[in-house]
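# Coordinates in review
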Amino acid sequence: MSPTSPASPTRSASPASPESSKGPAPTRRLTTAQALVAFLARQYTERDGRRQRLISATWGIFGHGNVAGIGQALVEAGHGGNGTAHRMPYLQGRNEQAMVHAAVGYARQSGRLSAHAVTTSIGPGATNLVTGAALATINRLPVLLLPGDTFATRPADPVLQQLEVPYAGDVSVNDCLRPVSRYFDRITRPEALIPAALQAMRVLADPAETGAVTLALPQDVQAEAYDWPEEFFAERDWHIRRPAPDTYELETAVRAIRSARRPLIVAGGGVRHSAAEETLAAFTAATRIPVASTQAGKGALRHDHPADVGGIGHTGTATADELARTADLVIGIGTRFSDFTTASGTLFADPAVRFLHLNITAFDAHKLAALPLVADARAGLEALTAALAGRGYRVDPAYETEYTGAKEAWEERVEASFATPDPTARPTQTQILGILDTLVTEEDILINAAGSLPGDLHKLWRTRSRDQYHVEYGYSCMGYEIPAAIGVLLATGARSREHRPVWALVGDGTYLMNPTEIVTAVQENLPLKLLILQNHGYASIGGLSASVGAERFGTAYRHRDADGGFTGPPLPVDLAANAASLGLRVLRAVTVDDLRKALSEARDAEGPTCVYVETETPDTVSGPPPAQAWWDVPVAETASRPAAVKAREEYDRQVAARRRHL
C-alpha cells in the first residue's frame, strides 16, 4: 500500500471465508445491533507496526430507543458470547454529552489510534450528543456515535420523543448531528449496515478526515434479524497512513526556509497526533528555529528545550508573540491557525511575512495563503530535515541569542506569578498552578478546557512530557474536564498499579455545568484527581466583559442587590459538599500551606479524590501576565455608558492593525 493512499483495511483470512470454502458463502443470523457490535469488536488500527482495537469500549445510557437493540447486543458481547478477544466492554455514563467527552479524552490520549463508541436512546438522549460531537470534529478526534432513531417502518407515527416535521417524513432529531459529524448515515434496513459500517471505520481511521461519526439506528431495525455474511465479521486492520510530501512542495518549502532570516515554527496538535515530537526536536537541533505552540501543540517540545518559546497568540508568552511580530517566515506544523493563534489577524506584522504550512489536511495547509506542504507531520519533518541537511541552513546565532534571552526573561515573570510569599494567605489561581508545578513529574497529565485557566496554563505551565498538557481549546467546552479525565485514565491503564496521575482542573462555573461523571469515576474506582477552584463566577468572561464595556454583567455568582443586579454576597453554594455527596473523598484547603499538603495527598491517593480551594483575586499579589496579543470581540459601536464608549475607542485602535494575508 502506498504511503499516500487513503486508509483502507486488510482482512484476516479465516476458514469460514468464501475464498477457502465451496458452495454458498456462510452466514450468521443476528440482529442488526448484534451484528454491529460483533463487527466493531473486530476492527483494528495499525501504524508503524503497532496494532490495537479501533473501538475498544462502548459508553451507553439506555432508553426505549436502544435498550432492546444495542443494549441487548452489548449484554451478549460483554459476556463472552463472541469469545474473550472480541468482547465489547461497556461503560456506564450519566450524561450523554459527558460520555462523548470521555470518549474524546480517551481518543486523544490514545493518539487517535483507538476510540470509543457512544450509544443513546432517541430524543433528548440523541440531541445531547451534539455538543460532544462538535468538540470531537473540531479537534479532529475520533468518536463513534450510535443514537437510537424513530421507527423505520413507522407502525405508529409519532412515537414517544419523535420530532414531527410537516414537510419531511424522513427527518428526525438525529439530523442535528449531520453538520457536526464527519460521516453520517441512517440505517433503515439491516443490510445497509454493511457499507455504512465500513465507511464509518474508514473515516474514524483517516488522520485527515477523522472526527465524530454517526450511525443513526432506528429502534425497529436494531432488533431486526438478518443473515449476515460471515466475511463481515473477519478481523480488519485499518492502516493509519503517513503521507510523504510532494517533491515540488518540498523543494518550495526548502527554498522558503533557506531564504528566511527570522523563521518561527508554530506547533499544533498535529505534531502530537503524528507522534512527531522527537522529529521536531531533531529539526530544531539542526536549524535552531524557535518553536512556539498552540494550545493543542503545547508539549511538542519540553518547556526546558532551548528552542521552546512557549504558547503563541492571545494566551501566549511575550517571547513567542514578539518573535511572531517580526517573523519573516511562519512555519505551521499541524495547526488550524485559529483566531487565538493569529491574534485575530494582528499578530504576524512583518510586511513581507510568508507562511509555510505542513499539515496532513490540504484545507489547513492552504490557510493564510501559505505555501502548502501536505503531509503527515512526522514524515514532512523528516523530509525537511533531510533536504536541509546538505545545504548548511541554520538561523543566525544572534537570532538564537535573542530568543533564548527573551525566554529567560519570561521565566522570571513565571516565577513571580507562582511565588507564594505568605503561606498563611489564600492562594491566587496562578499560585495554585505554581504549587502544582512543584509537585508534578513528567508522569502527570493536566486536563482543562474553559474559563481563565487555559490562558494562565498556556502562558505559564511548564510542560514536562508530550502528553502532560491536555487543554481542549478547539471548542473550549465547559464541562469537558471531568469526563475527559475519565477517558484519559482508561487510556493510561488506570486500573493497574502503575497508573499515571491525572488532574482535572475546573472552576466553579465549569463544575456546575457537568459534574455527573464523578459518579462514574467512583463506580469504576478510577484515581481521578479533581481540583476545584472556587472564584464565585465566570472569571474569564467577567474579565472579558469588563474589557469590552459590558461591566461584568451576569458573570458573578452572587445574590441580587437592591437594584436587581448581582453584586450581593456570594451564593452559599458548597461545591466540596456536592462532590462528597457524589462519592469523592474531598480535601478542603484554605491557605497556601493547606493547599500544598492537600495536593500532595491527592497525588498519592489510590482512589478518586477532590481538592477544593477558594481563590484570592490577584489584586494584592503578583497575578498572571496580561494578554500579550489582541483578540477580536466586537464592541458596541454606539453606547451611552462610559465603559462601552472607552472600550470601543480601544477596539477601533486594535482592529486597525488587522490584515489579511493574501
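Up top is the structure these notes are about.
Criteria and thresholds
Residues numbered from 1 in each chain as written. Predicted model: local features only at pLDDT ≥ 70, side-chain atom pairs only at ≥ 80, totals over all residues. Heavy atoms only, no water. Helix = DSSP H or I, 4+ residues; strand = E, 2+ residues; numbered from the N terminus. Buried < 20%, exposed > 50% of the residue type's maximum accessible area, 1.4 Å probe, protein only. Contact = heavy atoms within 4.5 Å. Areas by Shrake-Rupley, 256 points an atom, 1.4 Å probe, with all protein chains shown as cover. Lys, Arg positive; Asp, Glu negative; His and termini not counted. Charge placed at Lys NZ, Arg CZ, Asp CG, Glu CD. Pairing = 2+ DSSP bridges. Phe/Tyr/Trp six-rings, centres within 6.5 Å; stacked < 30°, edge-to-face > 60°. Lys NZ or Arg CZ within 6 Å of the ring centre and 35° of its normal. Axes fitted to C-alpha atoms, helices over the stretch in contact; angles between N-to-C directions. Salt bridge = Lys/Arg side-chain N within 4 Å of Asp/Glu carboxyl O. Core = buried A, V, L, I, M, F, W, Y, C linked by side-chain atoms within 4.5 Å. Parallel < 35°, antiparallel > 145°, perpendicular 65-115°, else oblique. Left-handed = near helix turned anticlockwise from the far one by under 90°. Nonpolar A, V, L, I, M, F, W, Y, C, P; charged D, E, K, R; others polar.

### A few points about the overall build of the protein
- Scanning the protein for helices and strands turns up 24 helices and 24 strands.
- Each of the three principal axes of the protein carries a C-alpha extent, and together these read 75 × 70 × 55 Å.
- Among the 662 residues that make up the protein, the fraction classed as buried is 57%.
- By sequence separation, contacts in the protein at least 24 residues apart represent 77% of the contacts at least 6 residues apart.
- A total accessible area of about 26200 Å² is found for the protein, and carbon and sulfur atoms account for 54% of it.
- When the 64 positive and 73 negative side-chain charges of the protein are each reduced to one mean point, those points stand 3 Å apart.

### Considerations on the pairing of strand β17 (residues 354-359)
- Counting buried positions along β17 yields five of six residues, so the element is predominantly enclosed.
- Sheet topology places strand β16 (residues 329-333) next to β17; five bridges connect them, and they run parallel. If you follow Ile 331 over to β17, its bridge partner there is Leu 356.
- Across four bridges, the pairing between β17 and strand β18 (residues 371-374) is parallel. Bridging across to β18, Leu 358 finds its partner in Leu 373.

### Quick word on the packing of aromatic side chains
- For the structure shown, the criterion picks out 13 aromatic pairs.
- Summarising the aromatic geometry, the rings of Trp 228 and Phe 232 are spaced 5.8 Å apart at their centres and angled 20 degrees between planes, so their arrangement reads as stacked. Both residues of the pair, Trp 228 and Phe 232, belong to the buried class.
- Every member of this aromatic cluster is reached through a ring pair, and the members are Phe 39, Tyr 226, Trp 228, Phe 232 and Phe 233.
- Of note, Arg 51 hangs over the ring of Tyr 44, and the distance from its end group to the ring centre comes to 3.7 Å.
- Stacked on the ring of Tyr 469, the Lys or Arg Lys 298 has its end atom at 5.5 Å from the ring centre.

### Description of the sheet that holds strand β10 (residues 212-218)
- Ordered by their spatial adjacency, six strands build an open sheet running β6-β5-β7-β8-β10-β9, and the pairing between neighbours is parallel. Edge positions in the open sheet fall to β6 (90-92) and β9 (183-186), since each of these has one partner strand only. Shown here is a sheet whose adjacent strand axes are inclined to one another by a mean of 20 degrees, direction ignored.
- Bridge analysis of strand β5 (residues 55-60) against strand β7 (residues 115-120) gives five bridges, and the strand direction is parallel. Note on β7: the bridge partner recorded for Thr 58 is Ala 117.

### Concerning the pattern of salt bridges
- Under the defined criterion, the tally for this structure stands at 41 salt bridges.
- A salt bridge links Asp 48 to Arg 47, with the nearest nitrogen and oxygen atoms 4.0 Å apart.
- A relative accessible area of 47% means that Asp 48 is categorised as partly exposed.
- In this structure, Arg 378 and Asp 48 form a salt bridge, with 3.2 Å as the shortest nitrogen-oxygen distance. Placement of Arg 378 in helix α14 (residues 377-389) and of Asp 48 in the loop between β3 (43-47) and β4 (50-53) is noted, with a sequence separation of 330 residues between them.
- Each of Arg 47, Asp 48, Arg 242, Asp 376, Arg 378 and Glu 382 takes part in salt bridges that share partners, so that together they form one network.

### What about the nonpolar core?
- In terms of nonpolar packing, the biggest core is built from 53 residues, with Val 118, Leu 145, Tyr 511, Leu 530 and Ile 532 touching the most fellow members.
- Considering each element in turn, this core owes the most residues, seven residues, to helix α18 (residues 481-491).
- Setting aside anything within four residues of it in sequence, one finds Val 118 in contact with Trp 59, Met 99, Val 100, Ala 103, Leu 129, Val 143, Leu 144, Leu 145 and Leu 146.
- Counting 52 residues, the second largest nonpolar core, distinct from the first, contains Ala 267, Leu 280, Leu 301 and Leu 329.

### As for the side chain of Arg 140
- Examined against the element boundaries, Arg 140 turns out to sit in the loop between α5 (129-138) and β8 (143-149).
- Those residues within four positions of Arg 140 in sequence are excluded, and the remaining contacts are Arg 112, Thr 210, Arg 336, Phe 363 and Asp 364.

### Focus on helix α1 (residues 32-40)
- Counted residue by residue, α1 has nine buried out of nine residues, so it is predominantly covered.
- Every buried residue of α1 is accounted for by Thr 32, Ala 33, Gln 34, Ala 35, Leu 36, Val 37, Ala 38, Phe 39 and Leu 40.

### Some remarks on the packing of helix α16 (residues 429-439) against helix α17 (residues 453-460)
- Interhelical geometry of α16 versus α17 gives an angle of 50 degrees and a closest axis separation of 11 Å. Classified by the angle between their axes, α16 and α17 sit oblique to one another. When you trace α16 past α17, the crossing you get is right-handed. Of the residues in α17, those in contact with Gln 429, Thr 430 and Leu 433 of α16 are Leu 453, Asp 456, Leu 457 and Leu 460.
- Looking at the contact of α16 with α17 residue by residue, the class counts come to four nonpolar, two polar and one charged.

The quantities given are spatial measurements derived from coordinates; they are silent on function.
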